[in-house]
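Each chain, letter by letter, is given below.
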Amino acid sequence: MKSISRFLFLLLITTFAVCYSQKSVAVKSKIVYSSDDLIIIQLSESVFQHISYLQTDSFGKVECNGMIAKDGNETIIFDTPTNDKSSTELISFIKNNLHSKINAVIPTHFHEDCLGGLKEFTKNNIPSYSNNKTIELAKKAGVSIPNHGFENSQVLKVGNQKVYIQFFGEGHTKDNVVGYFPKEKAMFGGCLIKEMNATKGYLGDANVKTWSTTVEKVKAKYPDAKIVIPGHGEIGGEELLDYTIRLFK
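Because the structure is a prediction, the values reported are computed rather than measured.

A. Looking closely at the nonpolar core. Ranked by size, the top nonpolar core spans 26 residues in total, and within it Met-67, Ile-76, Phe-78, Leu-156, Val-163, Ile-165 and Phe-181 carry the most contacts. Ignoring anything within four residues of it in the chain, the contact list for Met-67 reads Val-47, Phe-48, His-50, Ile-76, Ile-77, Phe-78, Phe-181, Ala-186, Met-187, Phe-188 and Ile-229. The next biggest cluster of nonpolar side chains, apart from the first, holds 18 residues, and it includes Leu-192, Val-218, Leu-241 and Ile-245.

B. The arrangement of the sheet that holds strand β4 (residues 60-71) in detail. The sheet built from six strands is open, its strands ordered β1-β2-β3-β4-β5-β6 with mixed pairing. In the strand order of this sheet, the two ends are held by β1 (30-34) and β6 (101-106), each with one partner. Each strand axis lies, on average, 25° off the axis of its neighbour in the sheet, ignoring direction. Sheet analysis places strand β3 (residues 47-56) next to β4, joined by 10 bridges and oriented antiparallel. Pairing of Tyr-53 across the sheet is with Glu-63, part of β4.

C. Spotlight on the environment of Ser-86. Its place among the elements puts Ser-86 in helix α2 (residues 84-96). Separated by 47 residues in the primary sequence, Ser-86 and Ile-39 have C-alpha atoms spaced 9.2 Å apart. Filtering out sequence-adjacent residues up to four positions away, Ser-86 remains in contact with Asp-37, Leu-38, Ser-52 and Pro-81.

D. Seen up close, the pairing of β1. As paired elements, β1 and strand β2 (residues 39-42) share four bridges and run antiparallel to each other. Within β2, the residue paired with Ser-34 across the bridge is Ile-39. Hairpin connection between β1 and β2: a loop of four residues separates the two successive antiparallel strands.

E. Molecular detail of the packing of helix α6 (residues 211-221) against helix α7 (residues 238-247). It is at 8 Å that the axes of α6 and α7 come closest, and there the two elements cross at 155°. One way to sum up the angle between α6 and α7 is to call them roughly antiparallel. Seen along the crossing, α6 lies across α7 with a hand that is left-handed. Contact with α6, carried on its side by Trp-211, Ser-212, Val-215, Glu-216 and Lys-219, involves Glu-238, Leu-241, Asp-242, Thr-244 and Ile-245 of α7 and no other residues of that element. For the contact of α6 with α7, the per-class residue count stands at four nonpolar, two polar and four charged.

F. Local environment of the sheet that holds strand β11 (residues 177-181). Pairing in this open sheet of five strands is mixed, and the strands run β9-β10-β11-β12-β13 from one edge to the other. Across the chains shown, the open sheet's two edge strands, defined by having one partner strand only, are β9 (153-158) and β13 (227-230). Neighbour to neighbour, the strand axes of the sheet diverge by 20° on average, direction disregarded. One ladder, built from three bridges, connects β11 with strand β12 (residues 186-190); its direction is antiparallel. Its bridge partner lying in β12, Phe-181 is registered against Ala-186.

G. Region of the structure containing the pattern of salt bridges. For the structure on display, the rule yields eight salt bridges. Measuring nitrogen to oxygen at the nearest pair gives 2.8 Å for the salt bridge that ties Glu-216 to Lys-249. One end of the pair, Glu-216, is in helix α6; the other, Lys-249, is in the segment after α7, and 33 residues separate them in sequence. In this structure, Asp-242 and Lys-219 form a salt bridge, with 2.6 Å as the shortest nitrogen-oxygen distance.

Conventions adopted
- Along every chain, residues carry numbers that run from 1 in the direction the sequence is written.
- Given that this is a predicted model, residues contribute local features only at a pLDDT of at least 70 and side-chain atom pairs are listed and counted only at 80 or more, while totals for whole chains, interfaces and linings are drawn from all residues.
- Remark: hydrogens and water are excluded; side-chain values derive from all non-hydrogen atoms of the structure.
- Working definition of a nonpolar core: buried Ala, Val, Leu, Ile, Met, Phe, Trp, Tyr and Cys residues. They are joined through side-chain atoms within 4.5 Å.
- Here the term buried applies to any residue with accessible area under 20% of the maximum for its type, exposed to any over 50%, and partly exposed to those in between, with areas from a 1.4 Å probe on protein chains only.
- Any two residues whose heavy atoms approach within 4.5 Å at even a single point are treated as in contact.
- Two strands form a pair only when DSSP identifies at least two bridges running between them.
- Going along the chain from the N terminus, every DSSP run of H or I of four or more residues is numbered as a helix, and every run of E of two or more is numbered as a strand.
- To get an axis, a line is fitted to the C-alpha atoms, and for a helix only the part in contact is used. The angle between two axes follows their N-to-C directions and goes from 0 to 180 degrees.
- Every angle not falling under 35 degrees, over 145, or within 65 to 115 is termed oblique; those three ranges are roughly parallel, roughly antiparallel and roughly perpendicular.
- Rotating anticlockwise by less than a right angle from the far helix to the near helix defines a left-handed crossing, while the corresponding clockwise rotation defines a right-handed one.
- Gly is placed with the polar residues, together with every amino acid not listed as nonpolar (Ala, Val, Leu, Ile, Met, Phe, Trp, Tyr, Cys and Pro) or charged (Asp, Glu, Lys and Arg).
- We define a salt bridge as a side-chain nitrogen of Lys or Arg found within 4 Å of a carboxyl oxygen belonging to Asp or Glu.

Okay, structure coming up:
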């Protein structure tokens, strides 16, 4: 029964990722790696989604998304998987299957679903970059600390391309940043962005008063985004930004 459920779950993810929205770019996605702890889905030629799992008291077992941007034989990762084991699998997949170097990992805020596996990246001498506010909050929380900080924005190279990381304002947390990969018009919104029809979720560190305004700034900055990956749940396009704005109005 467990294996059947797992098969149906993977089939559902693949089917949705192929035709997730009329407003979104059509991509021929495929699952390229799957274990009990980690799933990796190729969404386009140069963009991958990684999914790991976090056991929570309030929401049960939660799927947590991250993004891999690739160009040539180099990659950049947005958010670590949730623990060391799944992070080890992700690092191994990129090295052995994509035959690529990991230039950096970017935790998009200080919660466990963003940097729970950071220790494994540090162990492998992979630099980590985050908002200075993330470093400050991670220290207070007593969790793993990224080793490079930036004030409001950062640009990093991957192959011959660039990725952009920017803090647009408070929302899910005081430090949440968004990643953008222009080559594929792919955005990693992290937990600032909600999947379609999601609830407001965990609000313990949130600023619900500014959340909509923050996402409006994201939409204005990247009006051409075609692939949008939220922190949890199903990917989509620009409609995820619109839904999140409405949800917190």
